[in-house]
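Here's the letter readout for the chains.
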Amino acid sequence: MPAADLDQYCAQNQERFVAELIEALRIPSISADPAYAAEVRRNAEHFRGAALDAGFAEAQLLETEGHPAVYAECIVDPSLPTALIYGHHDVQPVDPLDEWLSPPFEAEVRDGNLYGRGAVDDKGQVWMQLKAMEAHARARGKPPLNLKLIVEGEEESGSVNFEALIQREQERFKADVLVVSDTGIVAPELPSLSTGLRGLAGVEVRVQGPAMDLHSGVFGGAVANPIGALAEILASLHDPETGRITVPGFYDDVREPNDEERALFARVPFDEDEFKREAGGIPATAGEHGWSVMERRWARPTLEFNGIWGGYSGPGSKTIIPASASAKITCRLVPDQDPDDIARKVAAAVMAAAPEGVTVQAAPKAGGRPVVTSTDHPAVLAAARAMAHVFGKEPLFTREGGSIPPVEMFSRIMGMPAVMVGTGLPDDRIHSPNEKFSLDMYAKGVRTIAHLWDELASAL
Ligand code: BES
Ligand code: ZN
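The text that follows walks through the structure, step by step, so that each part is easy to find.

Definitions and limits used
- Residues numbered from 1 in each chain as written.
- Chains lettered and ligands numbered in written order.
- Predicted model: local features only at pLDDT ≥ 70, side-chain atom pairs only at ≥ 80, totals over all residues.
- Heavy atoms only, no water.
- Near = heavy atom within 4 Å.
- Polar contact = N/O pair within 3.5 Å; in protein donor to acceptor, adjacent residues only side chain to side chain.
- Areas by Shrake-Rupley, 256 points an atom, 1.4 Å probe, with all protein chains shown as cover.
- Nonpolar A, V, L, I, M, F, W, Y, C, P; charged D, E, K, R; others polar.
- Donors = N, O, S within 2.8 Å, 3.2 Å for Na, K, Ca; no water.
- Helix = DSSP H or I, 4+ residues; strand = E, 2+ residues; numbered from the N terminus.
- Buried < 20%, exposed > 50% of the residue type's maximum accessible area, 1.4 Å probe, protein only.
- Expected span 1.5 Å × (residues − 1).
- Contact = heavy atoms within 4.5 Å.

### Details of the site of ligand 1
Thought 1: Taken together, 16 residues surround ligand 1, and among them E155, D182, R332, S403 and H431 come closest.
Thought 2: One of the side-chain nitrogen or oxygen atoms of H88 is found 3.0 Å away from an oxygen atom of ligand 1.
Thought 3: For ligand 1, an oxygen atom lies 2.7 Å from a polar atom in the side chain of E155.
Thought 4: The fraction of the free accessible surface of ligand 1 (510 Å²) that becomes covered by protein chains is 87%.
Thought 5: Across the shell around ligand 1, the residue classes break down as four nonpolar, six polar and six charged.

In structure tokens form, the structure reads like this:
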């Protein structure tokens, strides 16, 4: 039951929707860096104001042990179904800064795209939700169902305080369905709904050699080099022949995708050259043998090195054996892997690979659990109809390689089913310099969500 009034309201106001998003992108809400804590809070206040402007009746900050979340609600009639919208208002760090073509917090439109940190992940997509609410409020006076909105302030740094918030606020968050737009579609002409997210487990490794940097001529040849030791340890964690992870027990709890899921993945068109282009012009794909690129990203676990440091990397040369070397490792997890279990296993494998002559520490970090959602829940079918109306095509079912731990938390703690209706694109460069949001995808996203409220109201 596509409604023309909503499409019309959105079309007439799209320019302002963009201007407002540009304003929201000015606040550097980097949750990972404690130096930006006040900006994350200022950003939360900005989103609180925007929720009220959009038509939510009540909006407030919910405090956590970390950065504040924003909560808003519009209860039109307790007998109607209720949707809880989840998003996040924090963003990733922006380095390397000199690779941005325009400053990350002074968003700029170029060639139909809005460039800035948080443009699509996730400020732009939360703004889609707010503007869809506004469309209903202004075009019709109220939305067709009860809406609750929770916008987290530390998703990009692992949602470490979010589980406690859900536990505490279960009554407030009560809803029939969780609606998330922090995900993407396959391509502009290939709309899709995500039905799974990978989990995350992390380990930080530190290799300590001599108490201080040593002259590499005076001591070299007789002292173990921490960088060499670290490289040896890290290299041992994959089998170069098969691309598999060598950590003992790593695959023990992996649930393989069933035939139906593999068939759904196989329906998604895949162009290897296009993928290599989106991945920044890599010469070849990599990964675990025996699985397609799609399966490797959506349904198989990984172990990645996110950062490595040690020794001298300034101009010219400095002939030393460095005192220490470090690396950050994270694994993407699939059902039914457990983040704590995997972090422990990886740490143990690191320790076991430590060569003589250095001291190794491997510290497990907090992670998040993977989740797979339903493809046949009425809310998912409602989302498919809303998407089909806006994109003119039935959406495919996909999974995401990325992680949004709160989706699993809502499912596990509150039994809430989730629909993931994001409109990001694979080449949006999330977490990278020159993150962008296609303005066409932004506009279609607002309309999709606006229609979703109608569809959910009649489906639930
Ligand atoms: N929006 C992403 C997750 C995502 C990425 C969904 C790509 C769909 C496609 C989210 O903000 C994110 O980046 N999450 C982190 C979570 C982590 C810090 C626990 C991630 O995946 O690295
Ligand atoms: Zn995100």
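### Looking at the coordination of the zinc ion (ligand 2)
Thought 1: Donor atoms from the polypeptide that coordinate the zinc ion (ligand 2) comprise H88 (NE2), D121 (OD), D182 (OD) and D182 (OD), at 1.7 to 2.6 Å from the metal.
Thought 2: Site description for the zinc ion (ligand 2): donor spacing in sequence, H-x32-D-x60-D. Placement of the pair is D121 in the loop between strand 5 (113–115) and helix 3 (123–140) and D182 in the loop between strand 7 (177–180) and strand 8 (192–194), with a sequence separation of 61 residues. In this structure, D121 and D182 share a single accessibility class: buried.

### So, helix 11 (residues 378–391)
Thought 1: In this model helix 11 runs 20 Å from its N-terminal to its C-terminal C-alpha over 14 residues, within 8% of the 20 Å that 1.5 Å per residue would give.
Thought 2: Across the 14 residues that make up helix 11, a large majority, ten, are buried.
Thought 3: All buried positions along helix 11 are accounted for by A379, V380, A382, A383, A384, A386, M387, A388, V390 and F391.
Thought 4: Where helix 11 is buried, its residues touch strand 7, strand 8, strand 17 (396–398), strand 18 (418–420) and helix 13 (439–459).
Thought 5: Positive backbone phi, approximately 70°, marks G392, located one or two places after helix 11.

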